[in-house]
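# Residue-level structure breakdown
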Amino acid sequence: MESGGNGGNGVRSNEDIALDLLKFVAGSTGYGRAAVPSTGFSGTAVPKVEEQINQLLDLYSRCLHVVEGKAVKP
């Protein structure tokens, strides 16, 4: 059975590679995840779901630009 989207030629699209890069970065760093509540003073507020989504979409955009070889603005 062939995986959808690549036409069976074994070539992955830039979007697929960028998504894998996003998963790696987000999973390794906890990027886009809510902070775990802890006892004591916490200097940062827990981000809202919409903010987390926007962070992940921004990260995906940055990953896609990297995969395509385009410059990424910091």
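These notes cover the structure that comes with them. (Residues numbered from 1 in each chain as written. Predicted model: local features only at pLDDT ≥ 70, side-chain atom pairs only at ≥ 80, totals over all residues. Heavy atoms only, no water.)

### Quick look at the overall build of the protein
Under the convention used in this document: Per the convention used, a helix needs a DSSP run of H or I reaching at least four residues, while a strand needs a run of E reaching at least two, with both numbered from the N terminus. Each residue is placed in one exposure class: buried if its accessible area under a 1.4 Å probe, protein chains only, is under 20% of its type's maximum, exposed if it is over 50%, and partly exposed if it falls in between. Each accessible area value is a Shrake-Rupley result obtained with a 1.4 Å probe; residue values ignore everything except the protein chains displayed when judging cover.
Looking only at helices and strands, the protein has two helices and zero strands in total. The buried share of the protein, reckoned over its 74 residues, is 14%. Counting every atom, the protein has about 5900 Å² of accessible surface; 58% of that belongs to carbon and sulfur.

### Quick word on the nonpolar core
The nonpolar side chains of a soluble globular protein tend to be buried with one another. Filter applied, for reference: Buried Ala, Val, Leu, Ile, Met, Phe, Trp, Tyr and Cys residues form a nonpolar core when they are joined through side-chain atoms within 4.5 Å. Only heavy atoms enter the contact rule, under which two residues are in contact if any of them lie within 4.5 Å.
Grouped together as the largest cluster of nonpolar side chains are six residues: Ala-18, Leu-22, Ala-26, Leu-59, Cys-63 and Leu-64. Those elements giving two or more residues to this core turn out to be α1 (14-29) and α2 (49-67). The residues contacting Leu-64, other than those within four sequence positions of it, are Asn-14, Glu-15 and Ala-18.

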